[in-house]
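Here is how the chains run, residue by residue.
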Amino acid sequence: MPKWKTSVIAVLLAAASIAQESSGIMSADTRRVAGNLACLCKACKNTVGDCAMLECSYCRPKREKIAALQAAGKSDQSIIDAVVAEEGREALAVPPTEGFTLLAWTMPYIAIGFGLIVIWMFVRSLRRRPVTTAAAEIDSAVLDRYQDRIDKDTANLD
Amino acid sequence: MENVGALTILLAFCFAVYSVVASVAGKLGRRPFLVLSAERSVYSVWALLTVASSILVYALIHGDFRLAYVAEHSDHAMAPIYKFTAWWGGQEGSLLLWSWLLATYSSVVVFQNRRKFRAMMPYVTAALMTTETFFLILIAFVESPFKVLEAGRGNVVEGVGQGLNPLLQYWTMVIHPPMLYLGYVGFAVPFAFAIASLATKQPGDSWIHTTRRWTLVTWMFQSTGILLGAGWAYAVLGWGGYWGWDPVENASLLPWITATAFLHSVMMQEKKGMMKVWNIVLVSCTFFLCIFGTFLTRSGVVSSVHAFAQSPLGPFFVTFMAIGIAATLYLILSRLDYLKSEAQLESVLSRESSFLFNNLILLASCFAVLWGTLFPVISEAVTGEKISVDAPFFNRVNIPIGLFLLLLTGVGPLIAWRRSSVESLKKSFFWPTVAGLALTAILLGAGVRHFYALVSLALCTFVATSVMLEFFKGASAIRSKSRTNLVIAMVELTHRNTRRYGGYMVHMGIVLLFIGFTGKAFDKDATVEMTPGQTIELGSYHLQLTHTDSGQNENYRWGRLYINVSRNGRDLGTFEPEQRFYIASRQGASNVAIRRGVNEDLYMNFAGGGGQGGKFVLQAYVFPLVSWIWIGYWVVLLGTLICLVPSKSRLLYPRTEVVGIAGKHAKVED
């Protein structure tokens, strides 16, 4: 048998031996819980439920653990709590909505609110300009001419 | 050769420093020959970096494994094209590419403006060459691409390298990094003009007119780079995702968002003389976000699948950004008197207002992405606790913001400049709203209950209808006058005002992108262990593993599944997902099989060889509507290219002049 074929068989056998215990395939129930937990293998930003690396060093044991706890009749939340108790809140896929981490969720909307205030102030400052006072001092014929011209100029604008 | 390479980088550094000093000194001392010599130095920097880059590429292609960079990123067995792409496959080479592209852009700018903007050009040159100097410091003194391995010092070297990361040995990776870099680096040009306009106290329109085209071209490259990256992730990583909210992906999105905001708000300055400070701020933000993105990729401050190895570059980037931002802020604050608005906002119901909201939402989206990317670092610094901010967070925060932006994409063009009446708005919004609501009713009737999917598709219909009506109304007017057919009338219409109708086409491309994103709500997948002869059902597809095969070439070993696919009894052919093991780098990679379709893709990944009883693991996915993302990109590209074409009707009209406000009577070219 050529050397390369031996190598290929060796690679496939090695992969097979890794896959002996479990293929890493999840049930829908396991995926539901795993969707709340972050994959901490540092190679992706997916959840344990979404991570597509079949032999992911982090997700595989987590999925097995979730499945085992579900088989023991544990609720979804108690399984998540158990993982967090073991690994800290880093194990959660999203920051908890309490304490300092609440800021992660609120800051984008605070920023929008702040932006709206800035726009409101900007609009107010632009509309407060003493334009009308100056215009009142101009001869009405001149003003009409300008008005005609403005209308003409802006008629073709986008 | 490596000594020549290192020397050329060192010389380029000296010329760049000279160019900065000579251009500023020449301008301040009113010595035009000094300014001219500074501009000639820019060409010299380009020539020297071209030589350095050529030496590195030559070494990569010919396998000069004495060089550490070549040994780490190339191998004899790699195809020549991937040997070439190893130029930007590692830290040092990609920094050299950055520097070379910046030198190329700088040379083009100097050449194009050799007789124009003579007051501003010394500062433009100085700003560009300051950035160049920074990157040359990095490759000359910190991360040199010409480091020689110990074995190279008179010892015999084994003719093998570690090879390029297998995930990078894919065709889109040949063009994805250069496109992104063309985007990143290109934003330095509008920034340089903005700085020059502030320095010369000319913050009026000239820099805007000059840089709008640059920004558009750069934005196009950045869009292309981002979409190529998405296409690569989709086809290579084996899980069918095109966007993972990885910090480095986010870093490429941030300047793209601020540049998009700039391309919109710049119209306010061109047409109304408004938002001058804001435009300077946006251009500066875009530039510094590019530098920030490069910093994120290279400093290791956040963990990322894309990041280069940990390096000592972080403090250099922080220092450069701190000095740059402080200097820019000082210039803006000291020139506020020159940046006052020339016009007033006449009504809240106006195109001007819609641009304000567009900018607000774009910036909010940018902030949300930045905040989510940095929050783990901030949280750890403040509370000492590590926190994960993964894809679900970004999706939950950004989907509502994105949908609101989509709404504005349709609303903005329907509102008139200066002011709109409620009656005219009712008239403009009627058909797009009817179309959006009709589609929602149809989807609800078909059983679709996914809230965001319903909203997204309704908004897509709303925007698409509004864009098509704009084309139809304009083309109908031309057709009735010139008695031609509708298609020719549409071409004529677009040619008459390329910016406006090219812009609409870009909006249409964005709609198609959103349609593709929305398909994600309806994904199906199955992961199964199969033996030859076994079948599975996925949606309406019937998949049968007929047989397997394996082999080896010089570069990698492979194992392959042969999957026969049929749908509703119709044979769709045999697909061959493959698993590879690259010999030099000793890393595995997937080569997925995809049956692409307009309505959905069938995606198959050979995820694992063997198992109990010689089973093979197949991951199969159905991704509805995903092809519309790639179609949408082509439409965005076409629209952007149309925007770059000069309009047939070169309408010259004076900027709206408001009685009572002193201002120049500027001519604006549409």
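Residues numbered from 1 in each chain as written. Chains lettered and ligands numbered in written order. Predicted model: local features only at pLDDT ≥ 70, side-chain atom pairs only at ≥ 80, totals over all residues.

**Notes on the sheet that holds strand 8 (residues 593-595) of chain B**
All names here are of chain B. Heads up, the rule is: Only when DSSP finds a minimum of two bridges between them are two strands counted as paired. Secondary structure elements are taken from DSSP: a helix is a run of H or I of four residues or more, a strand is a run of E of two residues or more, and numbering for both begins at the N terminus. To define axes, lines are fitted to C-alpha atoms, for helices over the stretch in contact only, and angles between the resulting N-to-C directions are given on a 0 to 180 degree scale.
Spatial strand order, 1-10-9-8: four strands in an open sheet with antiparallel pairing. The sheet is open, and its two borders are formed by strand 1 (524-530) and strand 8, each paired with just one other strand. Across the sheet, the mean angle from the axis of one strand to that of its neighbour is 15 degrees, orientation sign disregarded. As paired elements, strand 9 (residues 600-608) and strand 10 (residues 616-624) share eight bridges and run antiparallel to each other. By the bridge assignment for strand 10, Glu-600 is matched with Pro-624.

**A short note on helix 13 (residues 351-383) of chain B**
All names here are of chain B. So the rule is basically this: Every helix has an expected span of 1.5 Å times one less than the residues it contains. Consider a residue and the seven residues that end there alongside the seven that start there; fitting an axis to each set, the bend is the angle between those axes.
Compared with an ideal rise of 1.5 Å per residue, which puts 33 residues at 48 Å, helix 13 spans 45 Å between its outermost C-alpha atoms and is within 8% of the ideal. Along its length, helix 13 shows its largest kink, about 50 degrees, at Phe-375, and proline Pro-376 lies within four residues downstream of that point. The positive-phi residue at the C-terminal boundary of helix 13 is Gly-384, with phi of around 80 degrees.

**Details of helix 14 (residues 391-411) of chain B**
Residue and element names in this part refer to chain B. Just so we agree on the cut-off: Here a residue counts as buried when 20 or more other C-beta atoms fall within 10 Å of its C-beta, as exposed when 12 or fewer do, and as partly exposed in between; the C-beta atoms come from the backbone.
Across its 21 residues, helix 14 extends 29 Å between first and last C-alpha, which sits within 8% of the 30 Å expected from 1.5 Å per residue. The largest bend in helix 14 amounts to roughly 35 degrees and is located at Asn-398, with the proline Pro-400 lying one to four residues further along. Of all the residues in helix 14, the buried ones are Ala-391, Pro-392, Phe-393, Phe-394, Val-397, Ile-401, Leu-405, Leu-406, Leu-408, Thr-409 and Gly-410.

**Notes on the confidence of the model for chain B**
Residue and element names in this part refer to chain B. For clarity, the cut-off: As a per-residue measure, pLDDT reflects the predictor's confidence and takes values from 0 up to 100. Throughout, a residue-residue contact means that the two C-beta atoms, derived from backbone geometry, are no farther apart than 7 Å.
Averaged over every residue, the pLDDT of chain B is 86; residues scoring 70 or more account for 91%. Looking over chain B, one finds the lowest element-wise mean pLDDT in strand 12 (residues 667-669), namely 35, and the highest in helix 19 (residues 627-644), namely 95. Note that pLDDT drops below 50 for residues 656-670; the model gives that stretch 38 contacts with residues more than four away or on any other chain. For this predicted complex, the interface confidence score (ipTM) comes to 0.76, while the overall pTM stands at 0.85.

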